[in-house]
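# Residue-level structure breakdown
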Amino acid sequence: MGFDLGLIIAFALAGTATLSDVLRIPKKLRSWVAVVLIVGLYLVNQWLYSPAFDWKAALLEGLTAGLASVGIHSSAKNTIEQFSKDEASQYKNKSKNNDSQSAV
């Protein structure tokens, strides 16, 4: 029996927004939540319904499907943008603190 990989991807992508809101994950990092959900659901599906469960093959297939469905290029680009934005805002806050102290 089991679920088709396309259905697993659809479930994971549908649940990504809700799970990301609950866990307060930034929008630029939500694609990684989708990849983790796809890999996890695929591993569980293969473990429950595959007669000869090979976790290495299931992990590789789930990871391949997850990265293909969210787009590895845009995910990497969004991750870099998210962390560079965080570093820029931290640097900006530090310079504001230094300026306010020197204005006395």
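Residues numbered from 1 in each chain as written. Predicted model: local features only at pLDDT ≥ 70, side-chain atom pairs only at ≥ 80, totals over all residues. Heavy atoms only, no water.

### Considering helix H3 (residues 55-70)
Helix length check: H3, at 16 residues, gives a terminal C-alpha distance of 22 Å against a target of 22 Å (1.5 Å per residue), a fit within 8%. Taken as a whole, H3 has its buried residues at Ala58, Gly62, Ala65, Gly66 and Val70. Seen along its axis, H3 keeps its buried residues to an arc of 115°; they face one direction. Counted as exposed and oriented over 90 degrees from the buried face of H3: Lys56, Leu60 and Ala68. Positive phi shows up at glycine 71, right after H3, with a value of about 85°. (Helix = DSSP H or I, 4+ residues; strand = E, 2+ residues; numbered from the N terminus. Expected span 1.5 Å × (residues − 1). Buried < 20%, exposed > 50% of the residue type's maximum accessible area, 1.4 Å probe, protein only. Arc of directions from axis to C-beta.)

### Thoughts on the pattern of salt bridges
A complete count under the given rule lists three salt bridges for this structure. A salt bridge links lysine 77 to glutamate 81, with the shortest nitrogen-to-oxygen separation between them at 3.7 Å. With lysine 77 and glutamate 81 both in helix H4 (residues 72-102) and four residues apart, the pair spans about one turn of that helix. On the accessibility criterion, lysine 77 (39% relative accessible area) is partly exposed. Here the salt bridges do not stand alone but share partners, grouping Lys28, Lys77 and Glu81 into one network. (Salt bridge = Lys/Arg side-chain N within 4 Å of Asp/Glu carboxyl O.)

### Focus on the environment of valine 70
Along the chain, valine 70 falls in helix H3. Among the residues examined, valine 70 registers a relative accessible area of 17% and is labelled buried. Considered as a pair, valine 70 and isoleucine 9 are 61 residues apart in the sequence and their alpha carbons are 9.7 Å apart. Beyond its immediate stretch of four places on either side in the chain, valine 70 contacts Leu13, Ser31, Ala34, Val35 and Ser75. (Contact = heavy atoms within 4.5 Å.)

The quantities given are spatial measurements derived from coordinates; they are silent on function.
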